[in-house]
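Residue strings, one per chain:
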Amino acid sequence: QPKLAPACVTRVTEGMVVKTKTSLVEKTRESMLELLLANHPLDCPVCDKAGECELQDTVFAHGAGVSRFRDEKRVFRSRDISLNDVIIFNANRCIQCQRCVRMCEEVVGAVALGTMDRGMDSEITGFENSLKDCDQCGNCIEVCPVGALMSEPYRYNSRPWDLVETDTTCTFCGTGCQLSIGVRDGKLARVRSKYETGVNGETLCAKGRFGIDFIDAENRLETPMIRKNGELVSVSWSEALDLLARHMGPEPGNKNCGGLASATLGSETLYYFQKMMRTVFQTNSINSSNRWFSGIGEGQDFYNALPALFTEFYTRQPLEVVLDADCLLVVGTHVTDTNPVSEYLIRLSQRDKPGRLLMVSARPSRLDSVALSSLRLLPGGESAFFSSMEAALTDSATGKSNPYFDDFAAKTQKLLKTAQTVTLLIGSDLFRTPGAAGALQWLQTYIITLRSLGKKVALQFLFDRGNQMGAWEMGVLPHQYPGWHSIADTKNRSNFEDAWGLSLPTSPGKNTHEILAACAAGDMDMLYCLHSDPMSFFPNRSLAEKALSDVKMLVVQASHWAPVMEHADIVLPGASFAEESGTVLNNEGRLQRLRKIREPYNGSRRNLEILGQVVARFGKKIGPTDPSHIFSEITALVPSYREIEYENIGDEGPLTQSQTFSLSELSNQCSSRPPNDSFEKKNTFMLLTGECRFHSGGSSAYSKTLNKIEGAGYVEMNAQDAAERSIKEGEAIGIRTKSGEIHLAVRLNKNFAPSTLFIPENFVDLQLNQLCHEDDYPYPAEIIKNVGHTV
């Protein structure tokens, strides 16, 4: 070529020869670096980027070492600007590479950054030098090659060479992002991503990048406690475990027990927990989710539909592969809030292949702007939606018209006619409804119909917890052993008794609601909560509070103080995130490593170590508590884990394998079509809940940084609905359901669906679940504008 070609925008072609070290190339590099340094302040000793600055490294490698420019350097301002709570901006250092602008617009979709003015006066900025409306994800900091954009929490905190960095996996959601956590003197200093590493590459969300400081929160538990004279007092480990042993007696299997575990823990801890509950305490009443509707009555428990989904239908492939389908259907999730990095990847998938994305959710999402079509659907309408979608497919095949569908359906069916591959991404909102069991069954029927028409279908869930899929595969379920083996099958029970060398209970287990109901009735001798807080998240606060106060013994093993401990008889301080090793299973079905960045905080201990001590107190032996040993046992009993070695799980992590069991026919499970009017609930307002953008579960609420960004609850509603009721932005209003009433500040959203309200569930002090009740979701609600006055 007559001129030098920039590598970043030059396509590789057949027969191309690339020369990177000619005299012209080297001279041009020197000249370009000289121009970049002409106005760049040489303040490396005080710059946060020193030691890992791309410009610094490039100048060392290719710079001339001298500069011919003698003019005064351009200075925008003498002081740095705080663009928001986490981003500091030094415009003088900016080299106008535009990486941050492209990251914000093309990947994150926030469009919070832009360029002002021209030439040497060009400056990256937000509206009026403020980024208050941005995602505060810090991805612009990550891609900035110099010290122009800096992290407020990390600033002047350390130098990169002072840090001990450990690569691990984020557990704030099920995407499974890879993190590099830097620790200085045993305390967390920063979190960053690594280029082209993991499903996330160089991106993270605000929770992953800034929220992990919750591990150093002031409410960390340090010593065991037991209740004496109505108060929790610190005691030794031996005294706390002795109390448990005395209460349960020498034969704990003769008493009624239940266990609730958090789906953010490592798979090895969850596996050992369910094994302990089944062998030592002789109970199948265990579960790993207390924030969802569990099911009341015959056929209402959605857990019965899970084995078929995960053994016959779930697609264990990289997200980038399933996103390459001809049609993408996202249902039942506000993916922008629950799985932000998954949202980035979905948006990027549309850049090269647009016109394939269909969004079905209760709340508006940023992905709506790049979708072919979007549909507002309240949770609870999924059964009707999937049944109508299935009917549209079969009616289309027979030439019949379908009265259920509108413009969304017309676009969907037109897309499906030519699509050879279809990907379904299903969110966690579906599990919150009393109709979850039917929705999952209709989802299976819809997939079967698509396959019968020759479509290749991929299914993945977008879980809101880091190891929800792993918890289920580990058997933290009332009806399933690890690996989706039914406890109702005597052969399965015999196989696990042989493998574990201990007898197992024969009676079926209770789900979360049934466990708490038994506790409230005084029929439960012990409830063991492993990093689980039903007091704050179970959708019936009155039942949870009565259950926790009336159970004969409540044991809480956790890392931070939580409301559940108000009723605890024994509190055992366990390790928090990144204080113990193990594995998690992300939404792709990919095994990923949790690596320990430090020892457990002060007097707390590894969760596996504590469980092992509980087992030993009852004279049982169920195996070592070393994660690698437990993982070897898992690979022998869980079909999807076979042929995977613990030591070989790297940064990317291997995909687990699909497994097939002999299951009953699915066609009998969906014999009747839900009525079309179940798409809507007729009421003044319908109250939704779930994750907000800056918090996940309850643990992130302990993060100082995230609380600076979002420190209190709020209620979001449609702007037109508010205007009709003379409600203004920021005004405090009351939200009342049949179960209770709370008061919150209003946030207005012009894109929000009419007659719907949203309150995030992440702020435990708000006691949001006092508004919740299990027999309905969303919750019918009314707005109280003034005391005693209904708007």
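Residue numbers here run from 1 along each chain, matching the order of that chain's written sequence. Local features in this predicted model are restricted to residues whose pLDDT is 70 or higher, and side-chain atom pairs enter the listing and the counts only when it is 80 or higher, whereas totals over whole chains, interfaces and linings include all residues. Excluded from the side-chain calculations are hydrogens and water; all other atoms, namely the structure's heavy atoms, are used.

On to the overall build of the protein chain, then. Helix and strand counts for the protein chain come out as 23 helices and 31 strands. Here the C-alpha radius of gyration of the protein chain, 28 Å, is about what a compact globule of 791 residues would show, namely 28 Å. In this scheme, a residue with accessible area under 20% of its type's maximum is buried, one over 50% is exposed, and one in between is partly exposed, where area comes from a 1.4 Å probe on protein chains only. A buried classification covers 60% of the 791 residues belonging to the protein chain. Here the open area of atoms and residues is found with the Shrake-Rupley method and a 1.4 Å probe, where only the protein chains shown may cover a residue. When the accessible area of the protein chain is evaluated, it comes to approximately 32,200 Å², of which 48% is carbon and sulfur surface. Looking at charge distribution, the protein chain has the averaged site of its 82 positive side-chain charges lying 3 Å from that of its 96 negative ones. In this description a helix means any DSSP run of H or I spanning at least four residues, a strand means any run of E spanning at least two, and both kinds are numbered starting from the N terminus. All radius of gyration figures rest on C-alpha atoms, and the globule criterion is 2.2 Å times the number of residues raised to 0.38. In this tally, Asp and Glu contribute negative charge and Lys and Arg positive charge; neither His nor the terminal groups of the chain are included. In plain terms, the charge of a residue is placed at NZ if it is Lys, CZ if Arg, CG if Asp and CD if Glu.

Okay, unusual backbone geometry next. At the junction of tyrosine 777 and proline 778, the peptide bond is cis and its omega measures out at 0 degrees in the coordinates. By secondary structure assignment, the location of proline 778 is in the loop between β29 (756–760) and β30 (779–786). Phi angles above zero are rare outside glycine, and valine 111 is one such case at about 50 degrees. Counting through the fold element by element, valine 111 comes out in the loop between α3 (99–108) and β3 (114–116). Phi at tryptophan 484 takes a positive value of approximately 65 degrees, unusual for a residue other than glycine. Relative to the helices and strands, tryptophan 484 resides in the loop between β18 (480–481) and β19 (485–486).

Looking now at the side chain of asparagine 511. Its location among the elements puts asparagine 511 in the loop between α16 (490–500) and α17 (512–520). A residue is classified by how much of its surface remains accessible, and asparagine 511, at 0% relative accessible area, is buried. A polar contact is formed between the side chain of asparagine 511 and the backbone nitrogen of histidine 513, at a distance of 3.2 Å. Polar contacts, as used here, are pairs of N or O atoms within 3.5 Å; protein pairs need one atom able to donate a hydrogen and one able to accept it. Residues neighboring in sequence count only if both atoms are side-chain atoms.

Membership of the largest hydrophobic core comes to 101 residues, with the highest contact counts inside it found for Met276, Trp472 and Tyr528. Contacts: residue pairs with any heavy atoms within 4.5 Å of one another. If sequence neighbours within four positions are ignored, tryptophan 472 has contacts with Ser288, Trp292, Phe302, Tyr303, Leu306, Phe310, Phe431, Phe463, Leu477 and Trp484. Only buried residues count toward a nonpolar core, which is a set of Ala, Val, Leu, Ile, Met, Phe, Trp, Tyr and Cys residues joined through side-chain atoms within 4.5 Å. Core analysis: the next-biggest nonpolar cluster, separate from the first, contains 30 residues, Leu688, Cys692, Ile742 and Val746 among them.

Strand order in the open sheet formed by seven strands is β10-β9-β22-β21-β20-β11-β12, and the pairing between neighbours is mixed. Edge strands, defined here as strands with exactly one partner in the open sheet, are β10 (231–234) and β12 (286–287). Relative to strand β22 (residues 570–573), strand β9 (residues 225–228) is paired through two bridges, and the arrangement is antiparallel. What sits directly across from methionine 225, in β22, is valine 571. By this definition, two strands are paired if DSSP reports at least two bridges between them.

Considering every residue of the protein chain, the mean pLDDT works out to 90; 93% of them sit at 70 or more. In this model, residues 662–673 is a region of pLDDT below 50 whose contacts with residues beyond four sequence positions or in other chains number 21 contacts. Below a pLDDT of 50 lies the segment residues 675–683, which in the model reaches 19 contacts outside its immediate sequence neighbourhood of four places, other chains included. Per residue, pLDDT captures the predictor's confidence, and it can take any value from 0 to 100.

Turning our attention to the side chain of aspartate 135. Relative to the helices and strands, aspartate 135 is located in the loop between β4 (123–125) and α4 (139–143). Judged by relative accessible area, which is 5%, aspartate 135 ranks as buried. Those residues in contact with aspartate 135 that sit more than four places away from it in its chain are Val108, Ala110, Ala206, Tyr344, Arg366, Arg693 and Phe694.

Turning next to the packing of aromatic side chains. Pairing of aromatic rings covers Phe, Tyr and Trp, the last through its six-membered ring, and needs centres within 6.5 Å; plane angles under 30 degrees mean stacked, over 60 mean edge-to-face, and all others mean tilted. All told, the structure shown has 28 aromatic pairs when counted by the stated rule. A connected cluster of aromatic rings, assembled from ring pairs, spans Trp292, Phe302, Tyr303, Phe310, Tyr314, Phe431, Phe461, Phe463, Trp472 and Trp484. Here, a charge over a ring is recorded when the distance from Lys NZ or Arg CZ to the ring centre is within 6 Å and its angle to the ring normal is within 35 degrees. Above the face of the tryptophan 292 ring, arginine 291 is positioned so that its terminal group lies 4.1 Å from the ring centre.

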